[in-house]
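# Observations on the three-dimensional arrangement
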Amino acid sequence: MTSMQTVIQVTPTQLKKITDYYANMATGKQPTGAIFVAKKGPTTITAYRSGKVMFQGANYAQEAARWQTPAQQNTTRQATGKQATTPGVNIPQGFANWSVLGSDEVGAGAYFGPLTTAAVYVPKDQLAWVRQLGIADSKTLTDAKMRQIAPEIIANLPHHVVNLMPEKYNQMQPTNNVNQMKAISHNFVLGKVLAKISPTTPDAILIDQFVQASTYFKYLTQAQQSPIIKDNVYFTTKGEQYHLSVAAASILARVVELDSMAKLSDEAGIPLPIGAGHQADEAAAQLLNRGLDLNHFAKVHFANTQKAQKLRR
Ligand code: MN
């Protein structure tokens, strides 16, 4: 078994920051040479006067990543023998049975329609009920099946959705890359659901991973988001396989995206295709031919815009 710990060496300035950060999680224990021992969720953090900081237990790599440069993170990954992108690398045993707030987004790769992000909280006493909805394999469900399940999620589970329609997306896109918009959206919906379920707190938050954890938090800091949700936050690709809350969020986001596509198709007078292939070019050319503004319907920075301009009459 891989050892569940890592030690990083930090500067005195960083050590001060780390000490402040974990101050309210201190256990009161103080081994020889240590400044503090803190417990954050499943992770134990021990800081030493030498500038060494040890992270132990589940989630250790991700907690350490908070304080490391990207180069140091690579070293940690090499030490664990796994890539950061290996699904489930940071997910503790038994996680599927925890009370988890999960989030996922859809639409980032589609030319027409919104970027839609949802968060859903599934407490452990609801897991059996959610499981019988048959959503574990959310990525393989038909649109019809998802439309049938989404109202059940909405009626029974704390949730929030942010739907960045094209006009808003196009307004943000020049100054925020797509992953930054995703990060802002995830942080926003997570904060909304945390407020809804307060004073209950989930055992963990699981974000379906689209960038490294350190990049995610860097984007939120750069965009001056407040608050930044970071306690007990886990990341993994294929998140829907690690907790039903991510599967539920994925379905909810997808159904809201489909509804938005139906509304935009209605306004356009033609069915707008999902995706960014040649069909999207053709549809966009038709909108241009009728004098419609692509800014209202599509993510205009995609190459489809130029292709449509060449196809138009
Ligand atoms: Mn995803």
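Figured I'd write up the structure that's included with this text.

Thresholds, definitions, all that
Residues numbered from 1 in each chain as written. Predicted model: local features only at pLDDT ≥ 70, side-chain atom pairs only at ≥ 80, totals over all residues. Heavy atoms only, no water. Donors = N, O, S within 2.8 Å, 3.2 Å for Na, K, Ca; no water. Helix = DSSP H or I, 4+ residues; strand = E, 2+ residues; numbered from the N terminus. Buried < 20%, exposed > 50% of the residue type's maximum accessible area, 1.4 Å probe, protein only. Pairing = 2+ DSSP bridges. Axes fitted to C-alpha atoms, helices over the stretch in contact; angles between N-to-C directions.

Time to look at the coordination of the manganese ion. Note on the manganese ion: its protein donors are Asp 104 (OD) and Asp 208 (OD). The metal-donor distances range over 2.1 Å. One end of the pair, Asp 104, is in strand 5 (residues 100-106); the other, Asp 208, is in strand 8 (residues 204-208), with 104 residues separating them in the sequence. Look at Asp 208 and you get buried, because its relative accessible area is 11%.

A few words now on unusual backbone geometry. In the segment running from Ser 198 into Pro 199, the intervening peptide bond is cis, with an omega of 10 degrees. With omega at -5 degrees, the peptide bond leading from Ser 226 into Pro 227 counts as cis. With a phi close to 55 degrees, Lys 238 is a non-glycine residue in the positive phi region. Mapping Lys 238 onto the fold places it in the loop between strand 9 (233-236) and helix 9 (244-268). Residue classification places Lys 238 among the partly exposed positions, given a relative accessible area of 43%.

Here four strands make up an open sheet; going across it, the order is 1-4-3-2 and the pairing antiparallel. A single partner strand is all that each edge strand has here, and the edge strands are strand 1 (5-9) and strand 2 (34-40). Neighbour to neighbour, the strand axes of the sheet diverge by 15 degrees on average, direction disregarded. The pairing of strand 3 (residues 43-48) with strand 4 (residues 52-56) spans four bridges and is antiparallel.

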